[in-house]
Amino acid sequence: MTTKALAEFVAGLRYENLPEVVIRQACRLVLDAVGCAVAAWAEDPGKARIARDIAALYPASPGAGVIGASGIAAQPAFAALANGILINAADNDDTHKRALLHVGSVVVPTALALAETERLSGRELILALVAGYEVAVRVGMAVMPSHYRFWHSTATNGTFGAAAAAAKALRLDAEGVRRTLGLAGTQAAGLNTFFESGDMTKSIHPGKAALNGVLSAQMARLGATSPPGILEHPKGYLAAFSLEPKPEALTAGLGTEWEILQNGFKFFPSILASHSPIQATLAIVQREAIDPARIARITNETYRTVGTHFSSKDVGSVMAARVSVPYCIAVAAVDRTLTQAQFAPARIEDPVVRQVLSRTEVIADPELDKLYPAKFPARVTITLDDGRAFSETVMLPKGDPGAPLSDDELDDKFRANCAGLLNKPAIDRLHAAILGLPGADTVAGFTALTH
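As the structure is a prediction and not an experimental result, all values here were calculated from the model.

**Here we look at a nonpolar patch on the surface**
Part 1: Where nonpolar side chains cluster on the molecular surface, the patch consists of Ile50, Met200 and Ile204 and spans about 210 Å² of accessible area.
Part 2: Tracing the sequence through the fold places isoleucine 50 in helix H3 (residues 45-56).
Part 3: On the accessibility criterion, isoleucine 50 (32% relative accessible area) is partly exposed.

In structure tokens:
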């Protein structure tokens, strides 16, 4: 039974069996996730306030804190909810491309909340993180791509990763982990409706998945039962959530091929599908010095999912802009850069940006579609009013495991994300504490720096 195999893997995972590269990657993922959460306070303060205030409704002693907020000690499930919202708030968190899943915004807040309340060591935190990443991604690959027609994989598949991380943090045995997975699977939900409206459910989803994971592990520890094969049962998760389930993906390479190493770090604060076309657009406009007023048309030939999910031009909110590939292309063409500043409300409403947006189209290319999801191909062509056309093709966005961010680039991203809330000494201390997790007897010193 595949559910049982995953449970046995989680329960049997030992720190001494983790390759050094996996431990290092886990620390880098925490660094990135915490930085993204801190950035939320400057980039989406309304969403950050909701995250803080919902956690404050569920106090506990001892409790877990909310990243970037002081004076809150919440029940771990609700601290995980809050921090999941914060990590995903600016859509700048890590992504596993084959599972199409923001693993960090689900697994990191789950592991952090329970590490704080259970007083875990840094090594125990890392174990919980690795368990969560390996399970979440494998469930995601087992139900994709048809799963994505309706379901937000970070919410749904992420729930299993949160459950695995929580069960490991609570030191449950294999039977306890199995019951945790069963309890989590029956709660997994989250619809993709937000891609057009750009509403807050996109960021609430990973937080709720984290909450579900904590709750499931806590109930399992209390003795709650669940379906023995929640994933592979004929009426279970794979059958219900995919048109072409791949149960073999659940255990392929388990314990030898570490999917945590296949997580990419975002270079731009927008939907991953926009990154290749952003890079292609920037290459053109920086090379050709194009006047935005002379742009007659921009086309993005790419894989089919971009057209079906990420091509709305109704960008009435910051998140709607972040998940709109046409908007990201248009603002990159006008500004010749793409940073957090390009998602400020005033920038979204700029008349020149709006004009170029109206002339930007996404075209599904059957040949490029064959390359997805191993690659995220985009062929951008900018045509001017005199008929001249300039094209650029990008196959892998910067930050992908095939085009990785260096340690220096990841550090720069972390520091830039933190700069809106923390001073340099505080950023330095937080950076050192995260990278020092493998040697920390307790996570208390690290978590104290986050809130």
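**Re the pattern of salt bridges**
Part 1: Taken as a whole and assessed by the stated rule, the structure comprises 31 salt bridges.
Part 2: Of the charged contacts in the structure, one is a salt bridge between arginine 294 and aspartate 386, with a shortest N-O distance of 3.4 Å. Of the two residues, arginine 294 is situated in the loop between helix H12 (275-288) and strand S4 (295-302) and aspartate 386 in the loop between strand S6 (378-384) and strand S7 (389-394); the sequence distance between them amounts to 92 residues.
Part 3: Exposure remark for arginine 294: the relative accessible area of 31% places this residue in the partly exposed category.
Part 4: The exposure class of aspartate 386 is partly exposed, given its relative accessible area of 39%.
Part 5: Taken together, the shared-partner salt bridges in this structure form one network comprising Arg294, Asp385, Asp386 and Arg388.

**Focus on the sheet that holds strand S5 (residues 360-364)**
Strands in a sheet are paired, the pairing made by backbone hydrogen bonds, and the direction either parallel or antiparallel.
Part 1: Strand order in the open sheet formed by 4 strands is S5-S4-S6-S7, and the pairing between neighbours is mixed. In this open sheet, the two edge strands, each paired with only one partner strand, are S5 and S7. Each adjacent strand pair in this sheet contributes to an overall mean axis angle of 15 degrees, direction not counted.
Part 2: Strand direction decides the pairing type here: S4 and S5, joined by 5 bridges, are parallel. Looking at the pairing, threonine 299 lines up with glutamate 361 of S5.
Part 3: Relative to the sheet, H12 contacts S4, S6 and S7, its axis offset from that of S7 by approximately 140 degrees.
Part 4: Against the sheet, helix H17 (residues 351-358) contacts S4 and S5, and its axis sits at roughly 30 degrees relative to S5.

**Section: the environment of glycine 213**
Part 1: When you line up the elements, glycine 213 lands in helix H10 (residues 201-222).
Part 2: With relative accessibility at 0%, the residue glycine 213 sits in the buried group.
Part 3: Each C-alpha atom of the pair glycine 213 and asparagine 88 lies 17 Å from the other, and the pair is 125 residues apart in sequence.
Part 4: Contact partners of glycine 213, with chain neighbours within four places excluded, come to Thr159, Ala162, Ala163, Ala166 and Thr180.

**Focus: the environment of alanine 165**
Part 1: Positionally, alanine 165 belongs in helix H7 (residues 153-169).
Part 2: Residue alanine 165 is classed as buried on the basis of its relative accessible area of 0%.
Part 3: With 61 residues separating them along the chain, alanine 165 and glycine 104 place their C-alpha atoms 11 Å apart.

**Description of the layout of surface pockets**
The rolling of a water-molecule-sized probe over the atoms marks out the regions of remaining empty space.
Part 1: For the largest pocket, the calculated volume is near 500 Å³.
Part 2: Along its surface, the largest pocket is lined by 22 residues, and Arg98, Met144, Pro145, Tyr372 and Pro373 are the ones closest to its centre.
Part 3: Contributing elements (two or more residues each) for the lining of the largest pocket: helix H6 (122-143) and helix H13 (304-309).
Part 4: Here the lining of the largest pocket gets 4 residues from one element, more than from any other, and that element is H13.
Part 5: Quantified by volume, the second largest pocket comes out at close to 350 Å³.
Part 6: Around the second largest pocket sit 18 residues that line it, and Asn92, Phe267, Lys413, Ala416 and Asn417 are the ones nearest its centre.

**As for unusual backbone geometry**
Excluding glycine, most residues fall at negative phi; most peptide bonds, likewise, are trans.
Part 1: Proline 145 follows methionine 144 through a cis peptide bond whose omega is 5 degrees.
Part 2: Its location among the elements puts proline 145 in the loop between H6 and H7.
Part 3: Phi is positive for arginine 171, close to 60 degrees, though the residue is something other than glycine.
Part 4: Within the element layout of this structure, arginine 171 appears in the loop between H7 and helix H8 (174-185).
Part 5: Of note in this structure, arginine 336 is not a glycine but carries a positive phi near 60 degrees.

**A word on empty space enclosed by the protein**
Part 1: Going through the model one piece at a time under the given rule, you end up with 3 cavities of 30 Å³ or more.
Part 2: Of the residues assigned to the lining of the largest cavity, the class counts are 10 nonpolar, 3 polar and 1 charged.
Part 3: Lining the second largest cavity are 13 residues, and of these Thr95, Gly264, Leu272, Gly399 and Asp400 lie nearest its centre.

Scoring rules and cut-offs
- Residues numbered from 1 in each chain as written.
- Predicted model: local features only at pLDDT ≥ 70, side-chain atom pairs only at ≥ 80, totals over all residues.
- Heavy atoms only, no water.
- Patch = residues over 30% accessible without salt bridge, like charges linked within 9 Å, V, L, I, M, F, W, Y side chains within 5 Å.
- Areas by Shrake-Rupley, 256 points an atom, 1.4 Å probe, with all protein chains shown as cover.
- Salt bridge = Lys/Arg side-chain N within 4 Å of Asp/Glu carboxyl O.
- Helix = DSSP H or I, 4+ residues; strand = E, 2+ residues; numbered from the N terminus.
- Buried < 20%, exposed > 50% of the residue type's maximum accessible area, 1.4 Å probe, protein only.
- Pairing = 2+ DSSP bridges.
- Axes fitted to C-alpha atoms, helices over the stretch in contact; angles between N-to-C directions.
- Contact = heavy atoms within 4.5 Å.
- 1 Å grid on protein atoms, 1.4 Å probe; cavity = no way out; pocket = protein on both sides within 12 Å on 5 of 7 lines; lining within 4 Å.
- Points joined across faces, edges and corners; volume = space filled by probe spheres on them.
- Nonpolar A, V, L, I, M, F, W, Y, C, P; charged D, E, K, R; others polar.

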